[in-house]
Amino acid sequence: ARRQAGPGAAILRAQAAILADPGFSGRIAALIRREKLAAGAAIARTVAGHAAVLRRAPSAYLRERAADLQAVASLLAGKLYGSSRPALAVKGRGPFILAAAALTPAELLRLDRRRLRGLVLAGAGATSHLAILARSLAIPAVSLDPARLARLPAAGEAIVDGGRGLLVASPGPA
């Protein structure tokens, strides 16, 4: 089999490495075997514990890996129980900017990138896998505080400048 290249493939390999990590998979197996937890509960507890450690790390890069664990948990839950999150539905047929409190790299890859003009995300750092993937696909992305994201209008025009980290909601005429 030929090895895929590019950031998308690298992110998928990183997610596979998480799953292959004996500390991660071993903890899930132990919770199922010893504590008789359901697989989903064992995954959730394992991810929560590992993510809490990463969120306390002094390095922003390491703190952003907590989102990778959440993405892996979402994929596992989807395989075990069917998709735990509804598919992203984008209304209309024209170009759009997606504002999302949570988005995984796999979900980004499923979006219609011919129409996607930008991303507005909650708390995604510059070294998050989602941000790396967006940059590699030339999709401008900005990260906002979750409270500010919640205050954005549900529809309307916006300008996303990923290079400057700038969002102009309802810009009006030029």
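What comes next is a walk through the structure. (Residues numbered from 1 in each chain as written. Predicted model: local features only at pLDDT ≥ 70, side-chain atom pairs only at ≥ 80, totals over all residues. Heavy atoms only, no water.)

On to the overall build of the protein chain. Broken down by element type, the protein chain carries seven helices and five strands. Its helices and strands taken in sequence order, the protein chain reads α-α-α-α-β-α-β-α-β-α-β-β from the N to the C terminus. With the C-alpha coordinates aligned to their principal axes, the bounding extent of the protein chain is approximately 65 × 40 × 30 Å. Buried residues in the protein chain amount to 32% of all 174 residues. Partitioning the contacts of the protein chain with sequence separation of at least 6, the portion at a separation of at least 24 is 36%. Total accessible area computed for the protein chain in this model is approximately 10600 Å², and 59% of it derives from carbon and sulfur atoms. (Helix = DSSP H or I, 4+ residues; strand = E, 2+ residues; numbered from the N terminus. Buried < 20%, exposed > 50% of the residue type's maximum accessible area, 1.4 Å probe, protein only. Contact = heavy atoms within 4.5 Å. Areas by Shrake-Rupley, 256 points an atom, 1.4 Å probe, with all protein chains shown as cover.)

Our next topic: helix α6 (residues 129-136). Buried within α6 we find His129, Leu130, Ala131, Leu133 and Ala134. Residues of α6 that are buried in the fold lie against α1 (7-20), α4 (60-81), α5 (105-110), β2 (116-122) and β3 (141-144). Looking at the residues trailing α6, positive phi occurs at Ala138, about 60°.

What follows is about the pattern of salt bridges. Tallying each qualifying case throughout the model produces five salt bridges. Among the salt bridges present, the one from Arg114 reaches Asp112, with a minimum N-O distance of 3.1 Å. A salt bridge links Asp161 to Arg164, with the shortest nitrogen-to-oxygen separation between them at 3.4 Å. According to the relative accessible area criterion, Asp161 is partly exposed, its value standing at 21%. (Salt bridge = Lys/Arg side-chain N within 4 Å of Asp/Glu carboxyl O.)

This part is about the packing of helix α3 (residues 39-55) against α4. Where α3 meets α4, the axes come as close as 8 Å, and the angle between the chain directions of the two elements is 175°. Comparing the axis directions of α3 and α4 gives the class roughly antiparallel. Where α3 abuts α4, its residues Ala39, Gly40, Ile43, Val47, His50, Ala51, Leu54 and Arg55 lie against Leu62, Arg63, Arg65, Ala66, Leu69, Gln70, Ala73, Leu76, Leu80 and Tyr81. Grouping the constituent residues of the contact of α3 with α4 by class yields twelve nonpolar, three polar and three charged. (Axes fitted to C-alpha atoms, helices over the stretch in contact; angles between N-to-C directions. Parallel < 35°, antiparallel > 145°, perpendicular 65-115°, else oblique. Nonpolar A, V, L, I, M, F, W, Y, C, P; charged D, E, K, R; others polar.)

Bringing the packing of α1 against α6 into the picture now. Direction vectors running N to C along α1 and α6 enclose 160°, while the axes themselves pass 9 Å from each other. With respect to α6, the axis of α1 lies roughly antiparallel. Here α1 and α6 pass one another in a crossing that is left-handed. Of α6, the residues touching α1 (which contributes Pro7, Gly8, Ile11 and Ala14) are His129, Ile132, Leu133 and Ser136. For the contact of α1 with α6, the class distribution of residues is five nonpolar, three polar and no charged. (Left-handed = near helix turned anticlockwise from the far one by under 90°.)

What follows is about α1. In a regular helix each residue adds 1.5 Å, so 14 residues correspond to 20 Å; α1 covers 20 Å between its end C-alpha atoms and thus fits that length. Looking only at α1, the buried set comprises Gly8, Ala9, Ile11, Gln15 and Ile18. Looking at the buried positions of α1, the neighbouring elements they touch are α2 (22-34), α4, α5 and α6. (Expected span 1.5 Å × (residues − 1).)

Our next topic: unusual backbone geometry. The phi dihedral of Lys36 is positive, around 60°, even though this residue is not glycine. Take Lys36: it is sitting in the loop between α2 and α3.

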